[in-house]
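Geometric and topological summary
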Number of protein chains: 2
Amino acid sequence: MAETIGFIGLGLMGRPMAKNLLKAGYSLVVHNRSQGPVQDLVAAGAKAASSPADVARQAGVIITMLPDGPDVQLVLAGPNGVFEGLRQGSVLIDMSTISPVIAKELAAEAARRGASMLDAPVSGGEIGAINATLSIMVGGDAATLERVRPILAAMGKNIVHIGESGAGQLCKACNQLVIGGSLAAVSEAFALARKAGVDPAKVREALLGGFAASRVLEVHGERMLQNNWKPGFRAKLYHKDYKIVMNAAGAYDVPMPVSAVVAQLVSALVAEGRGDDDYSALATILWHLAGVD
Amino acid sequence: MAETIGFIGLGLMGRPMAKNLLKAGYSLVVHNRSQGPVQDLVAAGAKAASSPADVARQAGVIITMLPDGPDVQLVLAGPNGVFEGLRQGSVLIDMSTISPVIAKELAAEAARRGASMLDAPVSGGEIGAINATLSIMVGGDAATLERVRPILAAMGKNIVHIGESGAGQLCKACNQLVIGGSLAAVSEAFALARKAGVDPAKVREALLGGFAASRVLEVHGERMLQNNWKPGFRAKLYHKDYKIVMNAAGAYDVPMPVSAVVAQLVSALVAEGRGDDDYSALATILWHLAGVD
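Being a predicted model, the structure only gives us computed values, none of them experimental.

A word on the overall build of chain A
Scanning chain A from terminus to terminus reveals 14 helices and nine strands. Relative to the globule expectation of 19 Å for 293 residues, the C-alpha radius of gyration of chain A, 20 Å, shows essentially globular dimensions. Once local pairs closer than 6 in sequence are excluded, the contacts in chain A between residues at least 24 apart make up 64%. When the accessible surface of chain A is totalled, it reaches about 10600 Å², and 51% of it is carbon and sulfur. The averaged location of the 26 negative side-chain charges in chain A is 5 Å from the averaged location of its 26 positive side-chain charges.

This is how it looks when you write it as structure tokens:
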């Protein structure tokens, strides 16, 4: 019989990821705050658990896919949480994007309880979750990763072991801030072009042929040219991620002057009520400043 | 007999570009402030002119490749400058990286004198100049570009008509600032990784598989991992380019908060006496701030 996997957090990302595990033949025990997604998964062959603790009692591998660090802390360490039902030798895989500092603390607590925990945040968005093409950045014990690699491979393609506990989350923070620096710079370039009467589409075309080339310029640059802010990846989640980035910068005493400015711009985007637009709408904040929106 | 081309400015970039024109079979009349490069070109088959005006009297197409805007202004509009010897119907091609505002002014002056002027800055560095693989961003009249396209094709590969006069320089400014945003963000990400005890090589590897992928992460990220600051493209020239970027931002009233910060970091790099290092050494400024250099 196939291994039983627990899955907690059946949101925009978690639901298709859990379905891909079912498709790969795993037995699934699921839990979610709202019951709609649970019923959906049960209809697809999963079993519903009454609490995170109940999930942990029934499964040797427990995956969490939740909005933020405090949610993961609550689901693991809170009342009726995973830790209450945790079996010796179980493996926890947190695939949420949370603070690397919290990830390290939770992994240490899991270890004290005789379990292993990996932080395994993803990139690739809802489409990657549906198509099982997520990139997965893993922190934690390498042997534990090898044990659960087939499970991760049912949800993603590019699975990289980054380092010790927290390293996966640290890497995800780096991913988000590198994207942010590019997004902001491309947005400023397009603002300058427009205000100077130059076609930003021509600028994009020329820049893609040289050192300025990036996936952001290619994909989000195209979105910007079309004023297409349909998500994709919602600005409010990116805002949350930038808080993680800047909290990590604070926790490790790393001055990040460029990311600090980008964080403010992302904050402005959400403050303008654009939290449900795609995060590339960051461009509109800079265009508005320049009077070319 | 092949068309005679004038070439003024035989520096690190101009010298190999002029040689590629000779190789392509053009007759060349050259001028340069210092005589070493002139003798080199004469030995390769070019003719030396006594002044920029003298170049203009002998050639119907005149290329300038000079350090900055004031140099181009002096060589064109100064005493014994190109404008003094300019023939009706001649084409000026300024391939220097200068302010788009100055480029527009000089093109208007050339037009008043019965000539056409293109701004055609390049990217691709010394290696691109030697191998004739430069990207060329062209502003000015499209028909004039078509007339001289074979000449440009002897020096570069990716020749894009961006728009009217100044648009080529505006595009080059965009190119530099888009690279700058990426460079700074990648540098901050590596600083965060190092300080948190995570291998930046692993971060780079993971990020290259997703939306954070860029030529900067790929090429300059590799340089950063190896602490290889051998130019490449010198920081002092990048510093000059960022002045052009920020001047253009000022001229067109475009607030660029992210580029403004990057400009300060580039300035810090030069202030530290690193002007002759590769511009990717920008990373060291951020690493020093974080205490991980």
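Section: the packing of aromatic side chains
For the structure shown, the criterion picks out 10 aromatic pairs over all chains. When the centroid spacing of 4.6 Å and the interplanar angle of 65° are considered together, the rings of Y238 of chain A and Y279 of chain A count as edge-to-face. One end of the pair, Y238 of chain A, is in helix α12 (residues 235-251); the other, Y279 of chain A, is in the loop between α13 (257-271) and α14 (282-290), and 41 residues separate them in sequence. An identical accessibility class is assigned to Y238 of chain A and Y279 of chain A; each is buried. Measuring from centroid to centroid gives 5.3 Å for F233 of chain B and Y279 of chain B, while their planes differ by 85°, and the two rings are edge-to-face. In this pair, F233 of chain B is assigned in the loop between α11 (215-225) and α12 (235-251) and Y279 of chain B in the loop between α13 (257-271) and α14 (282-290), connecting sequence segments 46 residues apart. Residue Y279 of chain B is classed as buried on the basis of its relative accessible area of 6%. Cluster of aromatic residues (ring-pair linked, three or more members): F233, Y238, Y242 and Y279 of chain A. Its guanidinium or amino end placed over the ring of W287 of chain A, R194 of chain A lies 4.3 Å from that ring's centre, counting from NZ or CZ. Above the ring of F211 of chain B, the side-chain terminus of R215 of chain A is found at 4.8 Å from the ring centroid.

Regarding the pairing of strand β9 (residues 156-163) of chain A
All names here are of chain A. In this structure, strand β8 (residues 134-139) lies alongside β9, joined through six bridges in parallel fashion. Following the sheet pairing, M137 is matched in β9 by V160. With helix α8 (residues 142-153) bridging β8 and the parallel β9, this β-α-β connection has right-handed handedness.

Details of the relation of the copies chain A and chain B
With an axial shift of 0.0 Å and an RMSD of 0.0 Å, the rotation relating chain A to chain B amounts to 180°. Given the turn and translation reported, the copies of this chain are related as if by a two-fold rotation axis. Using C-alpha coordinates, one finds that chain A approaches the rotation axis most closely at S214 of chain A, a distance of 2.0 Å.

Side note on the interface of chain A and chain B
Counting from both sides, the interface comprises 59 residues of chain A and, opposite them, 59 residues of chain B. A buried area of about 5000 Å², summed over both sides, lies between chain A and chain B, and 75% of it is on carbon and sulfur atoms. There are zero salt bridges connecting chain A and chain B. Inspection of the region where chain A meets chain B yields 11 residue pairs in polar contact (both at pLDDT 80 or more). Among the secondary structure elements, those contributing two or more residues to the side of chain A that touches chain B are β8, β9, α9 (167-195), α10 (200-207), α11 (215-225), α12, α13 and α14 of chain A.

Examining helix α9 (residues 167-195) of chain B
All names here are of chain B. If you check α9, its first and last C-alpha atoms are 42 Å apart, about what 29 residues at 1.5 Å a residue would give, namely 42 Å. The buried fraction of α9 is high, at 27 of 29 residues. Among the residues trailing α9, G197 stands out with phi positive, at a value near 80°.

Focus: the packing of helix α4 (residues 69-77) of chain A against helix α6 (residues 100-112) of chain A
Residue and element names in this part refer to chain A. Closest axis-to-axis distance for the α4/α6 pair is 10 Å, and the angle between their directions is 10°. Of the possible angle classes, the one that applies to α4 and α6 is roughly parallel. Note on packing geometry: the crossing formed by α4 with α6 is left-handed. Contacts from G69, V72, Q73 and L76 of α4 reach α6 at I102, E105 and L106. Considered class by class, the residues forming the contact of α4 with α6 number four nonpolar, two polar and one charged.

Some words on the domain arrangement of chain A
Residues and elements named next belong to chain A. Annotation of chain A at the domain level lists domain 1 (4-165) and domain 2 (170-290). Relative to domain 2, the C-alpha centre of domain 1 lies at a distance of 29 Å. Contacts between the two partners involve 13 residues from domain 1 and, on the opposite side, 10 residues from domain 2. Counting every contact that joins domain 1 to domain 2 gives zero salt bridges. Our count for the domain 1 to domain 2 interface comes out at four residue pairs in polar contact (both at pLDDT 80 or more). For the side of domain 1 that touches domain 2, the secondary-structure elements that each account for two or more residues are α6 and β7 (122-123). Residues belonging to the side of domain 1 that touches domain 2 are distributed by class as follows: eight nonpolar, three polar and two charged.

Points about the packing of α10 of chain A against α11 of chain A
All names here are of chain A. Packing of α10 against α11 leaves a shortest axis separation of 10 Å and a crossing angle of 175°. It follows from the interaxial angle that α10 and α11 lie roughly antiparallel. Side by side, α10 and α11 meet where P200, A201, R204 and L207 of the first sit next to L217, E218, G221, E222 and L225 of the second. Of the residues assigned to the contact of α10 with α11, the class counts are five nonpolar, one polar and three charged.

As for the side chain of D54 of chain B
Residue and element names in this part refer to chain B. Of note, D54 is situated in helix α3 (residues 52-58). Despite its burial, D54 remains without a salt bridge, the nearest opposite charge being carried by R57 at 4.4 Å. Side-chain polar atoms of D54 contact the side chain of Q58, separated by 3.2 Å.

Comments concerning unusual backbone geometry
Going from P231 of chain A to G232 of chain A, the amide bond is cis rather than trans, its omega being 10°. In this fold, G232 of chain A is placed in the loop between α11 and α12. With a phi close to 55°, A132 of chain A is a non-glycine residue in the positive phi region. In this fold, A132 of chain A is placed in the loop between α7 (125-131) and β8. In this model, D253 of chain B sits at a positive phi of 55°, which is unusual for a non-glycine residue. As for its position among the elements, D253 of chain B is in the loop between α12 and α13. Residue class for D253 of chain B comes out exposed when judged on its relative accessible area of 56%.

Rules used in this analysis
- Residues numbered from 1 in each chain as written.
- Chains lettered and ligands numbered in written order.
- Predicted model: local features only at pLDDT ≥ 70, side-chain atom pairs only at ≥ 80, totals over all residues.
- Heavy atoms only, no water.
- Helix = DSSP H or I, 4+ residues; strand = E, 2+ residues; numbered from the N terminus.
- Rg over C-alpha atoms; globule rule 2.2 N^0.38 Å.
- Contact = heavy atoms within 4.5 Å.
- Areas by Shrake-Rupley, 256 points an atom, 1.4 Å probe, with all protein chains shown as cover.
- Lys, Arg positive; Asp, Glu negative; His and termini not counted.
- Charge placed at Lys NZ, Arg CZ, Asp CG, Glu CD.
- Phe/Tyr/Trp six-rings, centres within 6.5 Å; stacked < 30°, edge-to-face > 60°.
- Buried < 20%, exposed > 50% of the residue type's maximum accessible area, 1.4 Å probe, protein only.
- Lys NZ or Arg CZ within 6 Å of the ring centre and 35° of its normal.
- Pairing = 2+ DSSP bridges.
- Right-handed = clockwise from strand over helix to strand, strands pointing away.
- Least-squares fit on C-alpha atoms with pLDDT ≥ 70 in both.
- Buried area = accessible area lost by both parts, 1.4 Å probe.
- Salt bridge = Lys/Arg side-chain N within 4 Å of Asp/Glu carboxyl O.
- Polar contact = N/O pair within 3.5 Å; in protein donor to acceptor, adjacent residues only side chain to side chain.
- Expected span 1.5 Å × (residues − 1).
- Axes fitted to C-alpha atoms, helices over the stretch in contact; angles between N-to-C directions.
- Parallel < 35°, antiparallel > 145°, perpendicular 65-115°, else oblique.
- Left-handed = near helix turned anticlockwise from the far one by under 90°.
- Nonpolar A, V, L, I, M, F, W, Y, C, P; charged D, E, K, R; others polar.
- Domains from an automatic or database assignment.

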